[in-house]
Amino acid sequence: KLFYLVVSHRFSSVKGGIDTFFGLDDAVTRLNFIYGLTDWLNVSVSRSSFEKTYEGALKYRLVRQKKEGPPVSIVGYNSITINTSLDKDILPQLEFKHRVAYVSQLLVSRKFNKNLSLQVIPTLLHENLTKLDAQDNTQYAIGIGGRHKLTKRWSVNIDYGWHLNRADNTPYKNPLSIGFDLETGGHVFQLHFTNAQPMNAAGFLSRGTGDWGDGDFFFGFNLSRVF
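Residues numbered from 1 in each chain as written. Predicted model: local features only at pLDDT ≥ 70, side-chain atom pairs only at ≥ 80, totals over all residues. Heavy atoms only, no water.

*Asks:* Is there a simple way to think about the overall build of the protein in this case?
*Replies:* Scanning the protein from N- to C-terminus turns up one helix and twelve strands. Reading the protein from its N end, one meets helices and strands in the order β-β-β-β-β-β-β-β-β-β-β-α-β. Expected size for 227 residues packed as a compact globule is a radius of gyration near 17 Å; at 18 Å, the protein falls within 12% of this value. Along the first, second and third principal axes, the C-alpha atoms of the protein reach 55 × 40 × 35 Å. Counting all 227 residues of the protein, 38% fall into the buried class. The long-range share in the protein, meaning contacts at least 24 apart out of those at least 6 apart in sequence, stands at 49%. Of the accessible surface of the protein, which amounts to about 12,800 Å², a share of 60% is contributed by carbon and sulfur atoms. Distance between charge centroids for the protein: 13 Å, based on 26 positive and 20 negative side chains. (Helix = DSSP H or I, 4+ residues; strand = E, 2+ residues; numbered from the N terminus. Rg over C-alpha atoms; globule rule 2.2 N^0.38 Å. Buried < 20%, exposed > 50% of the residue type's maximum accessible area, 1.4 Å probe, protein only. Contact = heavy atoms within 4.5 Å. Areas by Shrake-Rupley, 256 points an atom, 1.4 Å probe, with all protein chains shown as cover. Lys, Arg positive; Asp, Glu negative; His and termini not counted. Charge placed at Lys NZ, Arg CZ, Asp CG, Glu CD.)

Here it is in structure tokens:
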């Protein structure tokens, strides 16, 4: 049984330039507590300053890749988020259910060798209250990602979320992120660049605002500690 603490920061867009010190003046912070109940199941709770969001999640392994067995690993992930920033003075009809969003994912991954791993993530997202009237409450996405070890301690990670039924008039973009991991014994330090500022799956997939082509993206880092 292991306990993890992940402290995450994601700053505002680097497009602000020196006026915002390339985004460092404005940070979104997330504290995520993860507890491994068994070697195949963990639970987590987190709080993010983005929309003052609370999240609870379960992650569980269904299939493990083996040399003489299944060619992939399959992991299930389910989360529920609560947006506590919504204001009833602005939204008089607001009920608790409108603050809630759900995500269900299957993480299908394969380790090809000691350096390269790839992953595909079919995703179902349901928001009881969407930011756009034209956006379906139930949304679908496919995540694609990969990790390649550069050295014993360094690796590069790339992931992309393809939203399948985004509203035509949406201002939001599909999230694309590039990051680097540094393993230092009990710590993992992650540096990343992304066009989506939210750090939970519901916000990350549905409300990415940056445009890589316009130089509008966010810098951030995660610090993970195992106890």
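*Asks:* Sorry if this is basic, but what is going on with the pairing of strand S12 (residues 218–226) here?
*Replies:* Each regular strand carries side chains that alternate between the two faces of the sheet. Relative to S12, strand S1 (residues 3–13) runs antiparallel, the two being bridged by eight bridges. Bridge assignment links Val7 to a residue of S12, and that residue is Leu223. When strand S11 (residues 187–194) meets S12, the two strands line up antiparallel, connected through eight bridges. Counted as the bridge partner of Phe193 is Phe219 from S12. (Pairing = 2+ DSSP bridges.)

*Asks:* I would appreciate a short explanation of the packing of aromatic side chains in the present structure.
*Replies:* For any pair of aromatic rings, the description consists of the separation of the ring centres together with the inter-plane angle of the planes. Scanning the model with the defined rule gives eight aromatic pairs in all. Ring centres of Phe193 and Phe217 lie 6.2 Å apart, and the angle between their planes is 75°; on these two criteria the pair is classed as edge-to-face. Remark: Phe217 occurs in the loop between helix H1 (201–206) and S12 and Phe193 occurs in strand S11; sequence separation between them is 24 residues. Given a relative accessible area of 30%, Phe193 falls into the partly exposed group. Ring geometry for Phe193 against Phe219: centres 5.3 Å apart, planes inclined by 45°, an arrangement best described as tilted. Placement of Phe193 in strand S11 and of Phe219 in strand S12 is noted, with a sequence separation of 26 residues between them. An aromatic cluster of at least three residues, connected via ring pairs, comprises Phe11, Phe189, Phe193, Trp212, Phe217, Phe219 and Phe221. A cation over an aromatic ring shows up here: Arg110 above the ring of Phe112, its NZ or CZ 5.2 Å from the ring centre. The residue whose ring lies beneath Arg225 is Phe227, and the NZ or CZ to ring-centre distance is 5.7 Å. (Phe/Tyr/Trp six-rings, centres within 6.5 Å; stacked < 30°, edge-to-face > 60°. Lys NZ or Arg CZ within 6 Å of the ring centre and 35° of its normal.)

*Asks:* Which parts of the structure should I look at to understand the pattern of salt bridges?
*Replies:* Two side chains carrying opposite charge are able to pair once their charged atoms lie near each other. A complete count under the given rule lists six salt bridges for this structure. Arg30 is paired through a salt bridge with Glu55; the nearest N and O atoms lie 2.5 Å apart. Here Glu55 lies in strand S4 (residues 53–63) and Arg30 lies in strand S2 (residues 27–36), a separation of 25 residues in the sequence. When sorted by exposure, Arg30 lands in the same class as Glu55, which is buried. The salt bridge partner of Arg207 is Glu127, with a shortest N-O separation of 2.8 Å. (Salt bridge = Lys/Arg side-chain N within 4 Å of Asp/Glu carboxyl O.)

*Asks:* What is the right way to read the side chain of Arg166 from this model?
*Replies:* Tracing the backbone shows Arg166 in the loop between strand S9 (154–163) and strand S10 (176–184). A distance of 3.4 Å separates a polar side-chain atom of Arg166 from the backbone oxygen of Lys173. Excluding residues that lie within four positions of it along the chain, Arg166 makes contacts with Gln135, Tyr172, Lys173, Asn174, Pro175, Leu205 and Ser206. (Polar contact = N/O pair within 3.5 Å; in protein donor to acceptor, adjacent residues only side chain to side chain.)

The values are spatial; any link to function lies outside them.
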